[in-house]
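# Examination of the molecular architecture
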Amino acid sequence: SQELVGTNVKAVYVPKVKEYYELTISLLMCFGFAFQLPIVMSLLSMAGVIQSSFLRAGRKYALLVIFVVAAVVTPPDPFSQFVLGVPLYMLYESGIIISMLIERGRKRREVAEAKREEEEEKREAAEEARRRAAAAVTGTPQGTLPAGE
């Protein structure tokens with residue numbers, strides 16, 4: 001504690017630790033949850049719940065919501081609102097980029113899978129044609145087995 005002694009005045013400063021800890025913990029929690037935004041966005045994108053085009057279209061609304069949330073959860077000074085709002089918006093933008101990368105990878109996998117399926121169908125058709133040609137040469141009717149087998 002600090003003590004200020006004047007001519008007829010004595011003032012003692014006793015800091016209140018509880019309010020300091022409450023403010024510190026609330027700010028740490030807000031910043032901690034804020035930095036989870038790209039992770040949540042990427043998981044939702046992987047699940048197919050959101051798309052990057054939706055996120056890009058909602059940028060102006062997201063900016064408004066981000067700064068309203070920053071105003072509510074921080075102390076009533078513009079600096080702390082700015083300190084929470086700007087990084088949160090940058091994290092939102094990074095979530096959009098991550099979502100675009102996830103969608104691009106999903107499209108590549110789908111194209112590769114479609115190509116594999118097409119090649120497999122061609123292989124099966126060629127094998128079936130070979131079997132029919134072999135059956136025509138041997139004279140065995142298609143779909144029947146020789147007697148005794």
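Calculation notes
- Throughout, residues of each chain are indexed from 1 in the direction in which the sequence is written.
- In keeping with the predicted nature of the model, local features appear solely for residues at pLDDT of at least 70, side-chain atom pairs appear and are counted solely at 80 or more, and the whole-chain, interface and lining totals rest on all residues.
- Computation of side-chain values covers all heavy atoms of the structure but excludes hydrogens and water.
- The residues that make up patches have over 30% relative accessible area and no salt bridge, and they are joined within 9 Å when like-charged or within 5 Å when they are Val, Leu, Ile, Met, Phe, Trp or Tyr.
- Exposure was quantified through the Shrake-Rupley algorithm and a 1.4 Å probe, taking into account, for residues, occlusion by the shown protein chains and nothing else.
- Should a side-chain nitrogen of Lys or Arg be within 4 Å of a carboxyl oxygen of Asp or Glu, the pair is scored as a salt bridge.
- Within this scheme the basic residues Lys and Arg register as positive and the acidic residues Asp and Glu register as negative, but His and the chain ends are omitted.
- Where a charge lies is defined by one atom per residue type, namely NZ (Lys), CZ (Arg), CG (Asp) and CD (Glu).
- Only protein chains enter the area calculation, which uses a 1.4 Å probe; residues under 20% of their type maximum are buried, those over 50% are exposed, and those in between are partly exposed.
- To pair, rings of Phe, Tyr and Trp, with the six-membered ring standing in for Trp, must have centres within 6.5 Å; the planes then decide the type, stacked if under 30 degrees apart, edge-to-face if over 60, and tilted in the middle.
- What pLDDT reports is the predictor's confidence in each residue, on a scale of 0 through 100.
- Under the scheme used here, helices are H or I runs from DSSP no shorter than 4 residues and strands are E runs no shorter than 2 residues, and both carry numbers assigned from the N terminus.
- Working definition of a nonpolar core: buried Ala, Val, Leu, Ile, Met, Phe, Trp, Tyr and Cys residues. They are joined through side-chain atoms within 4.5 Å.
- Throughout, a residue-residue contact means that at least one pair of heavy atoms, one from each residue, lies within 4.5 Å.

## Some thoughts on a negative patch on the surface
- On the surface, Glu-110, Glu-113, Glu-117, Glu-121 and Glu-124 cluster together into a negatively charged patch.
- Owing to a relative accessible area of 54%, Glu-121 belongs among the exposed residues under this scheme.

## Side note on the packing of aromatic side chains
- This structure, assessed with the given rule, holds two aromatic pairs.
- An angle of 55° between the planes, with centres 5.8 Å apart, marks the rings of Tyr-20 and Tyr-21 as tilted.

## Re the confidence of the model for the protein chain
- The predicted model of the protein chain averages 85 in pLDDT, with 87% of residues at 70 or higher.
- The weakest mean pLDDT in the protein chain belongs to strand S1 (residues 2-5) at 62; the strongest belongs to helix H3 (residues 52-57) at 93.

## With respect to the pattern of salt bridges
- Throughout the structure, instances matching the rule amount to six salt bridges.
- In this structure, Glu-120 and Arg-123 form a salt bridge, with 2.7 Å as the shortest nitrogen-oxygen distance. Taken as a pair, Glu-120 and Arg-123 lie in helix H5 (residues 78-138) at a separation of three residues, close to a single helical turn.
- The shortest N-O distance in the salt bridge between Glu-128 and Arg-132 comes to 3.4 Å. Here the residue Glu-128 and the residue Arg-132 both occupy positions in helix H5, the gap between them amounting to four residues, near one helical turn.

## Brief notes about the nonpolar core
- Judged by nonpolar contacts, Ala-34, Met-41, Ile-50, Leu-55, Ala-62, Ile-66, Ala-70, Leu-84, Leu-88, Tyr-92 and Ile-96 together constitute the single largest core of 11 residues.
- For this core, the elements supplying multiple residues, two or more each, are helix H4 (59-73) and H5.
- A per-element tally of this core places H5 first, with four residues.
- In contact with Ala-34, other than residues within four places in its own chain, are Leu-84, Leu-88 and Leu-91.

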